[in-house]
Amino acid sequence: MKAGRADRIATIVFWSIGLVSMAILAFIILEIFGRGLVTAVSPSFFAGQPATNQAGGGVGPMIVSSLYLAALTMLISLPVSIGAAIYMAEYAREGKFNNFIRFCLDSLATLPSIVFGIFGLTLFVVTFKWSYCLLAGAFTLALLNLPILLRGAEESIKQVPQTYREASMSLGANRWITIKKVVLPSAMPGVITGTVLPIGRIMGEAAAVIYTTGLFIRAIPLSPFDPAAPLAGYIWYAQTEATVPDYRQIVNGGAAILLILVFLINFSARRFARFYAKRKQLEVKL
Amino acid sequence: MRKNNSAAENYGNRRRRSPSLKAILAILILIAAVTACSGCSVRRSGVIRVAGSTTVLPLAQEGANRFMDMGGGKNVLVQGGGSSVGISQLSAGIIDIANSSRELKPEEDNGRIVDNRIALDVIVLVVNRGVQVANLSSQQVKDIFTGAVTNWSQVEGQDAPVIAVVRDQASGTREMFDEIALDKEESASSAIECNSNGIVRETVGNTPNAIGYVSLGYVNATIKAIDYDGVAPEEQNAKDNTYPLSRYLHMFTSDTPRPVTREFIEFVLSPDFQNEVVTQEYIPVI
Amino acid sequence: MARERYIKLLLMACASLSFLAILLIFIFILRESMPALTKVGFGNLFTSTDWNPDKGSFGILAFLNGTILTTLGGLIIGAPLGVGTAIFLDQVAPKKMATVIRRGIELLAGIPSVVIGWFGLIILVPFIARITNSSGYGIAAASVVLAVMVLPTITALSVETLRSLPIELKEASLAMGATRWQSIRTVLLPAAREGILVAVILGMGRAIGETMAVQMVIGNSRQFTLSLFKPTATLTSRLVTDMGEAPPGVFRSSLFAMALVLLIFAMLLIFSVRMITRKRKA
């Protein structure tokens, strides 16, 4: 009977722990939308120019900066990490080299983003004399995201059934052709969903961004060598400078937009992956 | 039929294009090229980069907006950071104009920096609205910020702990405050440090029993400005030197500024700008 | 085939990039922190609590202390919650509910740290100020914020570990008449011990490195304090506030020394994770 009672108590404890976690999450999301959604959906806010002295500013250039930065970062890091993932999954044998690379990847993944930030500042902004610009931010974030991107890609590649490879090889295709024509296309949906997490992280990253892209708040960036102020950095900036009277509203609205953007990317990447997978299936059938 | 030929076809395809490989190569080449050209200047001639003191920030931003509104495709990018940041970035050639709320230090003067005084500013002691003190003597201010006084009752206030809010070490406002109000002593290490005038105002406004100091332009209804040695922090009192906590605001440039930079400085010093904008929150210099 | 070899080499270069990145970061940060390490001295840097760059004192102990205390605080709250949630999701919750909560937790991981910090600043800090009659800024506020941030990491990794355990393990225990709690306590937890430890260590990594959220709620004062309710600073919060402002020289260099400490922390954490997982394999 004692065991039964302990079991009941444990059940209650675990339920309450689970519910507390749920409550924390619900509280945060409700707070974000409760405080910021009204601001976030007004066009003068999400498409407007930021104000510097008076109330009523928007975050248009910041959203553009964030998306631009995310695109640039992916452009740099996706090919490299897919390449590395192919190597790790298809070519590398378990051994010292492999182990060592994994150690480096894990260390990179654990490194605080501010450390990437000041590294980017010293290397790209100062040593390379790029000054504050999107490209400096993109390279910095590409390094920051390399481990997660690589892991996602590697896992999807490994999930491709061995029989596919064998079938392709038996048709006389060599290893690279097999990878290119068989393995990569079947792994692609997984690779695409694997980019969701990193893009979300790029969008939300502030510490690594403020010392690389800078925080030039009026600029709509055009060239990669333009300075910018991505949304997450701007949110931090807005609360730390507090120059405009309605800065609370701007931070609340910016937080809501940031979250909506992350949701949207999440959703569309999953959609795209499903669509891609379907199209591929169709092609194979034909 | 097609199926049987697929290997050969794939081989042909590979000859024509292999997108993934090309992408990887392109990126590596891009990285190499960009790194190689890192020495070359990427700054466009119409862009002026301004950074530094947060005290000067609203003024510089307003100046930038008006300057850009005059047309001619000029682009002025303004950001904060603190006086020291601006100056060190100016010497490093990262920016064109360094906003500063203090004079140049001897070790910062490399002989190629030009000082432009753009306004006279007044520093105001501010307290949370719950604090029942309306005047502090210079000795009391010194005792509060150096940590000798820890309870408001020691300076004829309510019985509550004093929470001192100061600026960061790069701040010209802090430097001036330490020099004049604290007789060059340091503020207590227990003081909350804030990166800008705006956040000092917000922190003092939201934290019961807090005291801090901000530039006159930042004083509003969320906080209470108090007298210093019985003298009110007003323009007239600063002009005739009865209120001692005042200093000049500067825009430093290199001694060989680009024409567009010189044009911007001339604009800020023009009678129009000084009498219309500067006069709203500061004291004009002409 | 020559072409095949060339492709393999190219792919290998991509893979080696991670090593190159770590190496470059290490070299740059070490190089930049040399002036501080030599001029201030190792001892002074790490044992002095006096941080006053204008007066030439560069002791970072107060911030090291802040980092350690906030991380511990965050883990004390976050780890039981995270591991408990993982067990709840894997063992107790109805399937559908578990899926919903797991998605939710993933979502929590995606909420940017500036946003969490902002809510810490406008909700948590005033709350702590009211109940403790202090400024509200400090280690307590930072710990709660960090707990929220490590929760998703620890939960996700623990769930992964629990799921990877063979089903027979649990079934065998239940078949022998054990209650659910008994089987969790005596069979599942011991089997998942290393995995959960790794989850907590990686959560620790996140807590040590968290910058913006902590910076917003910790008060950023220079003082060394063990009090939960007094403003202080962490290595990361100091880095982010001072980096943009430090003139070149020992001041700036000592900030890089802080980054070096963070880098070494990260590598030590990964090293210990490796040791743990290797032991499990053996």
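Since we're looking at a predicted model, the values are computed, not measured.

J.: Where do I start with the interface of chain C and chain A in this structure?
T.: The extent of an interface is frequently quoted as the accessible surface area lost upon association of the parts. Contacts between chain C and chain A engage 74 residues on the former and 76 residues on the latter. It is L11, W118 and R274 of chain C in chain C that bury the most area against chain A; as a group they hold 9% of the surface buried on that side. At the junction of chain C and chain A, the tally comes to 1 salt bridge. Salt-bridge contacts for D106 of chain A lead to R274 of chain C; the nearest nitrogen and oxygen are separated by 3.5 Å. Connecting chain C to chain A are 9 residue pairs in polar contact (both at pLDDT 80 or more). Broken down by element, the side of chain C that touches chain A gets its largest block of residues, 18 residues, from helix α1 (residues 2-39) of chain C.

J.: I keep staring at unusual backbone geometry and nothing clicks. Help me out?
T.: Phi is mostly negative for residues that are not glycine, and the peptide bonds are mostly trans. The residue E156 of chain B is not glycine, and still its phi comes out positive at about 65°. For E156 of chain B, the position within the fold is in the loop between α5 (138-146) and β6 (163-167). What makes E156 of chain B exposed here is its relative accessible area of 67%. Its identity is not glycine, yet N220 of chain C carries a phi of approximately 50°, on the positive side. Among the secondary structure elements, N220 of chain C is positioned in the loop between α9 (212-217) and α10 (235-242).

J.: Is there a simple way to explain the side chain of E154 of chain A in this structure?
T.: Along the chain, the position of E154 of chain A falls in helix α6 (residues 134-159). The class for E154 of chain A is buried, based on a relative accessible area of 6%.

J.: Any chance you could explain the interface of chain B and chain C here in plain terms?
T.: Taken together, the contact pairs 29 residues of chain B with 28 residues of chain C. With both sides pooled, the region where chain B packs onto chain C buries about 2,400 Å², and carbon together with sulfur makes up 53% of that total. Where chain B touches chain C, the interface holds 4 salt bridges. The shortest N-O distance in the salt bridge between E186 of chain B and R222 of chain C comes to 3.7 Å. Contributing elements (two or more residues each) for the side of chain B that touches chain C: α2 (19-36), α4 (83-91) and β7 (192-194) of chain B. Sort the elements by how many residues they give to the side of chain B that touches chain C and α2 of chain B lands first, with 4 residues. Residue composition of the side of chain B that touches chain C, grouped by class: 11 nonpolar, 12 polar and 6 charged.

J.: Which parts of the structure should I look at to understand the UniProt feature "domain: PBP" (unreviewed entry) in chain B?
T.: As recorded in UniProt, the sites labelled "domain: PBP" (unreviewed entry) are residues 46-271 of chain B. Here residues 46-271 of chain B is 30% helix and 27% strand, with 24 Å between the C-alpha atoms at its ends.

J.: Help me out: how do you make sense of the nonpolar core in this one?
T.: As a rule of thumb, nonpolar side chains are buried together in soluble globular proteins. Core analysis: the largest hydrophobic core is formed by 271 residues, its most contacted members being F145 and W152 of chain B. When residues in this core are grouped by element, the largest group, 15 residues, is from helix α3 (residues 60-91) of chain A. Sequence-distant contacts of F145 of chain B, that is, excluding residues within four places in its chain, are made with L125, A164, V165, V166, F177, L182, E186, S187, A188, I211, G212 and Y213 of chain B.

The rules behind the values
- Residues numbered from 1 in each chain as written.
- Chains lettered and ligands numbered in written order.
- Predicted model: local features only at pLDDT ≥ 70, side-chain atom pairs only at ≥ 80, totals over all residues.
- Heavy atoms only, no water.
- Contact = heavy atoms within 4.5 Å.
- Buried area = accessible area lost by both parts, 1.4 Å probe.
- Salt bridge = Lys/Arg side-chain N within 4 Å of Asp/Glu carboxyl O.
- Polar contact = N/O pair within 3.5 Å; in protein donor to acceptor, adjacent residues only side chain to side chain.
- Helix = DSSP H or I, 4+ residues; strand = E, 2+ residues; numbered from the N terminus.
- Buried < 20%, exposed > 50% of the residue type's maximum accessible area, 1.4 Å probe, protein only.
- Nonpolar A, V, L, I, M, F, W, Y, C, P; charged D, E, K, R; others polar.
- UniProt positions renumbered as here; feature names shortened; annotations may be inferred.
- Core = buried A, V, L, I, M, F, W, Y, C linked by side-chain atoms within 4.5 Å.

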